[in-house]
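The residues making up each chain are set out below.
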Amino acid sequence: MGKLVVLTLLGVGLALLGERFVALRERINADREVKPVEPQNCHLIEGIENGSEDIDILPSGLAFISSGLKYPGMPSFAPDEPGQIFMMDLNEQNPRVQALPISDGFDKASFNPHGISTFIDKDHTVYLYVVNHPYMKSTVEIFKFEAQQRSLVHLKTIEHELLQSVNDIVVLGPEQFYATRDHYFTSHFLRLLEAFIDLQWTYVLFYSPKEVKVVAEGFSSANGITVSLDKKYVYVADVTAKNIHVMKIHDNWDLTRLKVIQLDTLVDNLIIDPDTGDILAGCHPNAMKLLIYNPKDPPGSEVLRIQDVLSEKPRISTVYANSGSVLQGSSVAVVHNRILLIGTIFHKALYCEL
Ligand SMILES: *[C@@H]1O[C@H](CO)[C@@H](O)[C@H](O)[C@H]1NC(C)=O
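Analysis parameters
- Residues numbered from 1 in each chain as written.
- Predicted model: local features only at pLDDT ≥ 70, side-chain atom pairs only at ≥ 80, totals over all residues.
- Heavy atoms only, no water.
- Patch = residues over 30% accessible without salt bridge, like charges linked within 9 Å, V, L, I, M, F, W, Y side chains within 5 Å.
- Areas by Shrake-Rupley, 256 points an atom, 1.4 Å probe, with all protein chains shown as cover.
- Salt bridge = Lys/Arg side-chain N within 4 Å of Asp/Glu carboxyl O.
- Helix = DSSP H or I, 4+ residues; strand = E, 2+ residues; numbered from the N terminus.
- Buried < 20%, exposed > 50% of the residue type's maximum accessible area, 1.4 Å probe, protein only.
- Pairing = 2+ DSSP bridges.
- Axes fitted to C-alpha atoms, helices over the stretch in contact; angles between N-to-C directions.
- Core = buried A, V, L, I, M, F, W, Y, C linked by side-chain atoms within 4.5 Å.
- Contact = heavy atoms within 4.5 Å.
- Near = heavy atom within 4 Å.
- Polar contact = N/O pair within 3.5 Å; in protein donor to acceptor, adjacent residues only side chain to side chain.
- Nonpolar A, V, L, I, M, F, W, Y, C, P; charged D, E, K, R; others polar.
- Phe/Tyr/Trp six-rings, centres within 6.5 Å; stacked < 30°, edge-to-face > 60°.
- Lys NZ or Arg CZ within 6 Å of the ring centre and 35° of its normal.
- Disulfide = S-S within 2.5 Å.
- Parallel < 35°, antiparallel > 145°, perpendicular 65-115°, else oblique.

S.K.: What should I look at first to understand a nonpolar patch on the surface in this one?
M.R.: A cluster of nonpolar residues, Leu7, Leu10, Leu14, Leu17 and Phe21, forms a patch on the protein surface that exposes about 530 Å² of accessible area. Following the sequence through the fold, Leu10 ends up in helix H1 (residues 2–27). Looking at Leu10, the relative accessible area reads 52%, which means it is exposed.

As structure tokens, this is what we get:
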């Protein structure tokens with residue numbers, strides 16, 4: 001009798017484990033291949049080889065690019081080099097990137113930039129907010145952009161007990177932002193377990209000097225976040241759930257979920273097309289290839305455009321798709337005057353004329 005119980009429990013345990021494996025493979029699109037969609041005039045951006053995880057662009061056409069992310073479980077081609085912020089002026093004839101020097105007094109050696117967001121105050125000063133993972137912690141760094149010198153002055157490091165495993169950020173006012181948390185646990189083992197059993201314990205946080213609070217919960221892994229042109233809605237990518245949550249902003253900064261746009265790709269960073277209000281989503285068509293990196297069968301890239309976001313039936317089209325032969329692991333895309341920039345977690349960056 002005792003043996004029978006043990007055998008039954010073992011069988012049930014193995015069946016559950018098998019079921020979890022199948023579910024995980026489906027969640028990360030382990031079997032998906034991409035059909036190429038490539039605009040005519042594209043070229044790789046010279047000077048970016050070790051990632052361009054997030055990009056934000058000013059209305060004037062200045063693009064900021066975070067590079068050199070070290071993130072547990074993801075490949076890094078330059079694991080020993082600190083991260084950098086690059087800048088590219090899309091108004092130039094043949095725009096080139098340059099690394100922005102950072103003022104002294106900031107620990108540059110441990111700089112590990114992830115999600116970024118620009119903010120322009122009423123005096124037209126430009127600030128860059130950067131999610132940073134020094135020594136694998138999470139902080140938010142505030143920099144002032146010196147347009148003349150083309151450099152960054154470090155102003156402040158924000159730390160808070162709720163700011164853990166931060167992925168992306170969108171700034172709404174001076175020192176006021178929403179940030180996403182992509183994992184509930186911080187230990188590597190528990191993070192794996194979390195993905196395996198899909199706990200949906202991650203969230204969106206609101207931060208201001210006066211108040212810090214969780215404003216939306218129930219994400220498998222909250223990732224990219226951005227705000228609509230009219231500042232009434234926030235769009236949040238749930239990367240492993242392969243969807244985008246459309247959320248309404250309330251006066252007290254709380255968020256309520258209006259709807260979820262389901263996709264068949266792992267959605268990373270979200271950017272708004274300044275001319276149309278469409279969402280541009282940097283996506284991972286097959287995340288198995290990201291997690292188990294093989295240069296002979298690399299992870300592909302995919303950029304989707306979501307039009308009529310608030311309508312009953314948003315329209316979804318593919319702006320760019322590549323098997324990884326050109327661009328690996330796309331995480332973000334921005335547009336400005338028919339120029340498209342696509343960034344990647346750890347690989348290169350692409351410039352296209354649309
Ligand atoms: C990328 O990283 C490699 C290895 O550390 C380094 O040799 C190379 O110069 C880096 N490239 C750029 C453009 O930073």
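Read on, since the account is not over.
S.K.: What should I look at first to understand the sheet that holds strand S23 (residues 339–344) in this one?
M.R.: Whenever strands of a sheet pair, they do so through backbone hydrogen bonds, lying parallel or antiparallel. Strand order in the open sheet formed by four strands is S1-S24-S23-S22, with antiparallel pairing between adjacent strands. Each edge of the sheet is formed by a strand with only one pairing partner; in this case those strands are strand S1 (41–44) and strand S22 (330–336). Averaged over neighbouring strand pairs, the angle between their axes works out to 20° when direction is ignored. Bridge analysis of S22 against S23 gives six bridges, and the strand direction is antiparallel.

S.K.: Hey, could you run me through the nonpolar core in this one?
M.R.: Soluble globular proteins tend to bury their nonpolar side chains together. Counting 17 residues, the largest nonpolar core has Ile45, Met88 and Leu341 as its most contacted members. Mapped by element, the contributors of at least two residues to this core are strand S2 (54–57), strand S3 (62–67), strand S4 (84–89), S22 and S23. Aside from chain neighbours lying at most four places away, what touches Ile45 is Met88, Val97, Leu341, Ala349, Leu350 and Tyr351.

S.K.: Would you mind showing me how to read the site of the ligand here?
M.R.: Every residue close to the ligand is listed here: Gly47, Glu49, Asn50, Phe77, Ala78 and Glu81. The contact in question runs from an oxygen atom of the ligand to an N or O atom on the side chain of Asn50, over 2.3 Å. Within the shell around the ligand, the residues separate by chemical class into two nonpolar, two polar and two charged.

S.K.: Can you help me understand the packing of aromatic side chains in this one?
M.R.: Any aromatic ring pair is given by two values, namely how distant the centres are and how the planes are angled relative to each other. The final tally for this structure, using the stated rule, is 16 aromatic pairs. For the pair Phe177 and Tyr207, a centre-to-centre distance of 4.9 Å together with 10° between the ring planes defines the contact as stacked. Residue Phe177 is located in strand S11 (residues 176–181), and its partner Tyr207 is located in strand S12 (residues 202–207); the two are separated by 30 residues in the primary sequence. Each member of the pair, Phe177 as well as Tyr207, carries the same accessibility label: buried. Between the aromatic rings of Phe206 and Trp253, the centroid separation amounts to 5.0 Å while the plane-to-plane angle is 10°, which identifies the pairing as stacked. In this pair, Phe206 sits in strand S12 while Trp253 sits in the loop between strand S16 (243–249) and strand S17 (255–262), placing the two residues 47 residues apart along the sequence. Exposure remark for Phe206: the relative accessible area of 1% places this residue in the buried category. Trp253 sits in the partly exposed class, given a relative accessible area of 23%. Joined through ring pairs, the aromatic side chains of Phe77, Tyr293 and Phe346 make up one cluster. Of note, Arg257 hangs over the ring of Phe219, and the distance from its end group to the ring centre comes to 4.9 Å.

S.K.: Even after reading the chapter, I still don't get the state of the cysteines, so can you show me in this structure?
M.R.: A disulfide bridge is the covalent bond that connects two cysteines by way of their sulfur atoms. Tallying each qualifying case throughout the model produces one disulfide. The disulfide partner of Cys42 is Cys352, and the S-S distance across this bridge is 2.1 Å. The S-S bond linking Cys42 to Cys352 shows a torsion near 110°; that makes this disulfide right-handed. Here the residue Cys42 occupies a position in strand S1, and Cys352 occupies one in strand S24 (residues 350–353), the gap between them amounting to 310 residues. We classify Cys42 as partly exposed; its relative accessible area is 29%. With no disulfide partner, Cys283 has as its closest neighbouring cysteine sulfur the one in Cys352, 15 Å distant. Residue classification places Cys283 among the buried residues on the basis of a relative accessible area of 0%.

S.K.: Could you clarify how one ought to interpret the packing of H1 against helix H2 (residues 188–197) in this entry?
M.R.: Axis angle and axis distance: for two packed helices, these are the angle between their axes and the distance between the axes, and together they describe the pair. Where H1 meets H2, the axes come as close as 8 Å, and the angle between the chain directions of the two elements is 90°. The angle between H1 and H2 falls in the class roughly perpendicular. Across from Leu17, Arg20, Phe21, Leu24 and Arg27 in H1, the residues of H2 making contact are Ala195, Phe196 and Ile197. Along the lines of polarity and charge, the residues of the contact of H1 with H2 split into six nonpolar, no polar and two charged.

S.K.: In this structure, what is going on with the sheet that holds S16? I would like to understand it.
M.R.: What the four strands build is an open sheet, ordered S14-S15-S16-S17; its pairing is antiparallel. Of all strands in the sheet, those with a lone pairing partner are strand S14 (222–227) and S17, marking the two edges. Averaged over all pairs of adjacent strands, the angle between strand axes in this sheet comes to 25°, irrespective of strand direction. Bridging between S14 and strand S15 (residues 233–238) involves four bridges; their strand directions are antiparallel. When the sheet's bridge partners are listed, Val227 is paired in S15 with Val234.

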